[in-house]
Amino acid sequence: MSEKTITVKEFAEELVRRLNEGKTVDCCKKELLNLAALASEKIGSEMIKVDWKD
């Protein structure tokens with residue numbers, strides 16, 4: 001594993017690829033938290049449809 005800087009688009013594409021292939025995204029917890037903070041700050045008022053599973 002190596003640290004590198006990528007665009008949010010590249011990160012999103014990798015997440016979509018992993019999810020579509022049934023892979024785990026556990027490896028990306030810190031990055032997902034960073035993405036959530038960025039989304040909250042930059043696009044916090046945008047709407048998204050969700051299907052919450054408790």
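In this text, all values refer to a predicted model and were calculated from it rather than measured experimentally. (Residues numbered from 1 in each chain as written. Predicted model: local features only at pLDDT ≥ 70, side-chain atom pairs only at ≥ 80, totals over all residues. Heavy atoms only, no water.)

Caption draft 1: Seen up close, the overall build of the protein. When its secondary structure is counted, the protein shows 2 helices and 0 strands. Counting only C-alpha atoms, the protein reaches 35 × 25 × 20 Å along its principal axes. Among the 54 residues that make up the protein, the fraction classed as buried is 7%. When the accessible area of the protein is evaluated, it comes to approximately 5500 Å², of which 56% is carbon and sulfur surface. (Helix = DSSP H or I, 4+ residues; strand = E, 2+ residues; numbered from the N terminus. Buried < 20%, exposed > 50% of the residue type's maximum accessible area, 1.4 Å probe, protein only. Areas by Shrake-Rupley, 256 points an atom, 1.4 Å probe, with all protein chains shown as cover.)

Caption draft 2: Region of the structure containing the packing of helix 1 (residues 8-20) against helix 2 (residues 29-43). Between helix 1 and helix 2, whose axes approach to 12 Å, the crossing angle comes to 125°. Here helix 1 is positioned oblique relative to helix 2, judged by the angle of their axes. When you trace helix 1 past helix 2, the crossing you get is left-handed. On helix 2, the residues touching Val8, Phe11 and Leu15 of helix 1 are Glu31, Leu32, Leu35 and Leu38. Across the contact of helix 1 with helix 2, the residue classes tally to 6 nonpolar, no polar and 1 charged. (Axes fitted to C-alpha atoms, helices over the stretch in contact; angles between N-to-C directions. Parallel < 35°, antiparallel > 145°, perpendicular 65-115°, else oblique. Left-handed = near helix turned anticlockwise from the far one by under 90°. Contact = heavy atoms within 4.5 Å. Nonpolar A, V, L, I, M, F, W, Y, C, P; charged D, E, K, R; others polar.)

Caption draft 3: Spatial organisation of the environment of Ile48. Inspection of the secondary structure puts Ile48 in the segment after helix 2. Linking Ile48 and Lys23, residues 25 residues apart in sequence, is a C-alpha distance of 23 Å.

Worth remembering: the numbers are spatial, not functional.
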